[in-house]
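# Structural description and commentary
Residues per chain are reported as follows:
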Amino acid sequence: MRPFAYDKARSIEEAASIVSDENAMAIAGGTNLLDLMKLQVETPERLSDINRIGFGEIENTADGGLSLGALATNTETAVHPRVRADYPVLSRAILAGATQQLRNKATNGGNLCQRTRCFYFTNIDQPCNKREPGSGCGAIDGIAKLHAILGTSEQCIATYPGDMAVALSALDAQVQIASADGAKRTVPVRDFHCLPGDTPWRENVLDDGEIITAITLPPPVKGTQIYRKVRERSSYAFALVSVAAIVEIEDGLFSRADLAFGGLAHKPWHDPRIGEALIGQPPTREAFDAAADILLADARGFGENDFKIPLARRTLHAVLVHAAEEAA
Ligand code: SF4
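So, here's what we can say about the structure. Owing to the predicted nature of the structure, the values given are computational and were not obtained by experimental measurement.

### Side note on the packing of helix 11 (residues 285-296) against helix 12 (residues 308-327)
It is the contact of helix 11 with helix 12, at a shortest axis distance of 10 Å, that shows an interaxial angle of 140°. With respect to helix 12, the element helix 11 is oriented oblique. As helix 11 packs across helix 12, the resulting crossing turns out to be right-handed. Across the interface between the two elements, R285, F288, D289, A291, A292, D293, L295 and L296 of helix 11 pack against I309, A312, R313, L316, H317, L320 and V321 of helix 12. A per-class count over the contact of helix 11 with helix 12 returns 10 nonpolar, one polar and four charged.

As structure tokens, this is what we get:
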């Protein structure tokens, strides 16, 4: 790890001004950032602790939803009574995401901004367009088991590694953002992360000087909430494929199917056409296949990760069968 200066921010304005300095970074839980600093993937000259600027509350919103402070921990979020009662898909995704020790430190804002675990990205001796633009992508013809099958580019095929954001995408949560000049804006989680395109180093829509203050959940809806994560081992590992689903079946037909997918792309994958294809259909293999066909129409494997294409289909089937059994 390279030497760095350390201080503590005391206000949101101070924190936001820190992140507008290209040589400085903000640290909250640090569960991803410190690893990257040890590997010298991140080399800030100044690290500013933002844990004392507020934004750690989880509170009801006026419309019946819930606001999750950006600096609330993943543990506080996963065990919150309203999250468990009204948004169980979120609680389950967080609990599937990391060990208790990591959840106790990791914050909601940091979780959204965590970086890919691509082997070439975290190894500074390897080519990686995301870490060093123009150096190439080692994964495209290399170790790519964890890599994306949807939304890839010739520049980068990395996946977004998190679980929490996949559930937030299915829930249609909103990211609340503030900047140093006092401006505020709201971005749907579904639009927060970017596909790699020609700028794989840009992973989300945060501009310089912007910081996440909260994530807001809409009022709860009826239906079964499921988070299914397929990984290489049963203890903690990143998703090969995950599905977050909020599904309702009334009178034998799908009346709601909000679905998001992890492990498949550079962002949590949400395609509204998948849910729309299920609405009004009975829970049959034909309906499940039609939904999977939409999901995977443009899927492309890179050798080692070809298995993800049939795995994504099977995982979607399993989730929809589970939802139908709950509704029966
Ligand atoms: Fe880098 Fe992306 Fe290629 Fe991995 S997949 S080596 S992160 S450019």
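### Things to note about the site of the ligand
In the neighbourhood of the ligand, 15 residues make up the surrounding shell, with C118, C128, C137, C156 and I157 lying closest. Residue classes in the shell around the ligand are distributed as 10 nonpolar, four polar and one charged.

### Topic: the sheet that holds strand 2 (residues 24-27)
Strands sit in the order 1-3-2 across an open sheet of three strands; the sheet is parallel. Looking at the sheet topology across the chains shown, the edges are occupied by strand 1 (5-8) and strand 2. The average undirected angle you get between the axes of adjacent strands in this sheet is 25°. Two strands pair when backbone bridges link them, and strand 1 and strand 3 (residues 46-49) are joined in this way by four bridges, in the parallel orientation. Across the sheet, residue A5 finds its bridge partner in strand 3, namely R46.

### Regarding the nonpolar core
Within the largest apolar cluster, 38 residues are counted, with the highest numbers of intra-cluster contacts made by L68, L90, L112, L168, F192 and L217. Listed by contribution, the elements that provide at least two residues to this core are strand 5 (66-69), helix 5 (88-97), helix 8 (164-170), strand 6 (174-179), helix 9 (189-192), strand 8 (210-217) and strand 10 (241-250). Tallying contributions element by element places helix 8 first for this core, with six residues. If we skip the residues at most four places from it in the chain, L68 touches E57, I58, T77, V83, L90, N108, L168, A214, I215 and L217. Within the second largest apolar cluster, 31 residues are counted, among which are V247, A265, L278 and L316.

### Quick look at the packing of aromatic side chains
Overall, the coordinates contain two aromatic pairs when judged by the stated rule. Summarising the aromatic geometry, the rings of F119 and Y120 are spaced 5.0 Å apart at their centres and angled 80° between planes, so their arrangement reads as edge-to-face.

### Remarks on helix 5
Among the 10 residues that make up helix 5, seven are buried, leaving the element largely enclosed by the rest of the structure. When helix 5 is considered as a whole, its buried residues turn out to be P88, V89, L90, S91, A93, I94 and A96.

### Regarding the pattern of salt bridges
Throughout the structure, instances matching the rule amount to 21 salt bridges. Notably, a salt bridge pairs E203 with R115, separated by 3.0 Å at the nearest N-O pair. One end of the pair, E203, is in the loop between helix 9 and strand 8; the other, R115, is in the loop between helix 7 (108-112) and helix 8, with 88 residues separating them in the sequence. As far as the burial class goes, E203 and R115 line up, both buried.

### Some points on the side chain of T159
Considering the arrangement of structural elements, one finds T159 in the loop between helix 7 and helix 8. In this structure the side chain of T159 is engaged in a polar contact, spanning 3.3 Å, whose partner is the backbone oxygen of L146. Beyond its immediate stretch of four places on either side in the chain, T159 contacts T116, L146, H147, A148, G263, L264, A265, H266 and K308.

### Focus on the environment of V230
With respect to the helices and strands, the residue V230 is situated in strand 9 (residues 224-230). Spatially, the C-alpha atoms of V230 and A178 are 35 Å apart, while their sequence positions differ by 52 residues. Look past the residues within four positions of V230 in its chain and what remains in contact with it is A239, L240, V241, L311 and T315.

Cut-offs and rules
Residues numbered from 1 in each chain as written. Predicted model: local features only at pLDDT ≥ 70, side-chain atom pairs only at ≥ 80, totals over all residues. Heavy atoms only, no water. Axes fitted to C-alpha atoms, helices over the stretch in contact; angles between N-to-C directions. Helix = DSSP H or I, 4+ residues; strand = E, 2+ residues; numbered from the N terminus. Parallel < 35°, antiparallel > 145°, perpendicular 65-115°, else oblique. Left-handed = near helix turned anticlockwise from the far one by under 90°. Contact = heavy atoms within 4.5 Å. Nonpolar A, V, L, I, M, F, W, Y, C, P; charged D, E, K, R; others polar. Near = heavy atom within 4 Å. Pairing = 2+ DSSP bridges. Core = buried A, V, L, I, M, F, W, Y, C linked by side-chain atoms within 4.5 Å. Buried < 20%, exposed > 50% of the residue type's maximum accessible area, 1.4 Å probe, protein only. Phe/Tyr/Trp six-rings, centres within 6.5 Å; stacked < 30°, edge-to-face > 60°. Salt bridge = Lys/Arg side-chain N within 4 Å of Asp/Glu carboxyl O. Polar contact = N/O pair within 3.5 Å; in protein donor to acceptor, adjacent residues only side chain to side chain.

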